[in-house]
Amino acid sequence: MCLAMEEIRRDLIARGEADGMARGRAEGKAEEIVAMGLEFGLSKSDILNRLQNKLHVSEQKAEEYLGLFGSQMV
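In this report, we go over the structure that sits alongside the text.

Points about the overall build of the protein chain
At step 1: Each helix and strand in the protein chain was counted, giving three helices and zero strands.
At step 2: Pairs at least 24 residues apart make up 42% of the contacts formed inside the protein chain by residues separated by at least 6 positions.
At step 3: Summed over all atoms, the accessible surface of the protein chain reaches about 5700 Å², with 55% contributed by carbon and sulfur.
At step 4: Taking the average location of the 10 positive side-chain charges in the protein chain and that of its 13 negative ones, the two points are 3 Å from each other.

Quick look at the packing of aromatic side chains
At step 1: Counted under the stated rule, the structure contains one aromatic pair.
At step 2: Seen in terms of ring centroids, Tyr-65 and Phe-69 are 6.1 Å apart; in terms of plane orientation they differ by 25°. Their pairing is stacked. With Tyr-65 and Phe-69 both in helix 3 (residues 59-73), this residue pair falls four residues apart, about one helical turn. Of the two residues, Tyr-65 and Phe-69, neither departs from the other in class, the shared state being buried.

Thoughts on the environment of Gly-16
At step 1: Inspection of the secondary structure assignment puts Gly-16 in helix 1 (residues 2-39).
At step 2: Exposure remark for Gly-16: the relative accessible area of 41% places this residue in the partly exposed category.
At step 3: For the pair Gly-16 and Gly-41, spaced 25 residues apart in sequence, the C-alpha separation works out to 37 Å.

Concerning helix 1
At step 1: Relative to the 56 Å expected for 38 residues at 1.5 Å per residue, helix 1 spans 55 Å between its end C-alpha atoms, a close match to the ideal helical length.
At step 2: For helix 1, every residue scored as buried is listed here: Ala-30, Ile-33, Val-34 and Gly-37.
At step 3: Phi for Gly-41, located one or two positions after helix 1, is positive at around 75°.

Quick notes on the pattern of salt bridges
At step 1: Tallying each qualifying case throughout the model produces four salt bridges.
At step 2: Put simply, Arg-9 and Glu-6 hold a salt bridge, and the shortest N to O gap is 2.7 Å. Residue Arg-9 and its partner Glu-6 are both found in helix 1; the two are separated by three residues, about one turn of the helix.
At step 3: With relative accessibility at 43%, the residue Arg-9 sits in the partly exposed group.
At step 4: Of the charged contacts in the structure, one is a salt bridge between Lys-61 and Glu-64, with a shortest N-O distance of 3.4 Å. Taken as a pair, Lys-61 and Glu-64 lie in helix 3 at a separation of three residues, close to a single helical turn.
At step 5: A relative accessible area of 31% places Lys-61 in the partly exposed class.
At step 6: Given the relative accessible area of 41%, Glu-64 is considered partly exposed.
At step 7: Ionic contacts of the salt-bridge type, sharing partners, join the residues Glu-6, Arg-9 and Arg-10 into one network.

Conventions and cut-offs
- Residues numbered from 1 in each chain as written.
- Predicted model: local features only at pLDDT ≥ 70, side-chain atom pairs only at ≥ 80, totals over all residues.
- Heavy atoms only, no water.
- Helix = DSSP H or I, 4+ residues; strand = E, 2+ residues; numbered from the N terminus.
- Contact = heavy atoms within 4.5 Å.
- Areas by Shrake-Rupley, 256 points an atom, 1.4 Å probe, with all protein chains shown as cover.
- Lys, Arg positive; Asp, Glu negative; His and termini not counted.
- Charge placed at Lys NZ, Arg CZ, Asp CG, Glu CD.
- Phe/Tyr/Trp six-rings, centres within 6.5 Å; stacked < 30°, edge-to-face > 60°.
- Buried < 20%, exposed > 50% of the residue type's maximum accessible area, 1.4 Å probe, protein only.
- Expected span 1.5 Å × (residues − 1).
- Salt bridge = Lys/Arg side-chain N within 4 Å of Asp/Glu carboxyl O.

The following block contains the structure:
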């Protein structure tokens, strides 16, 4: 029983690490999309559309990214 629990624990840790890495990559891409959009003078709407299309995220998530990373660029 102890070996099975250890295997489950390792699997959960591995999944958590993979999820964290994927989330980090998505946030890095979002930050670059926002930065480039602002640098090239794109409208808020255009940046949101790019975030949604490139990252396959909802409008709400795109707005979160724009709010988070857009305020850092100002």
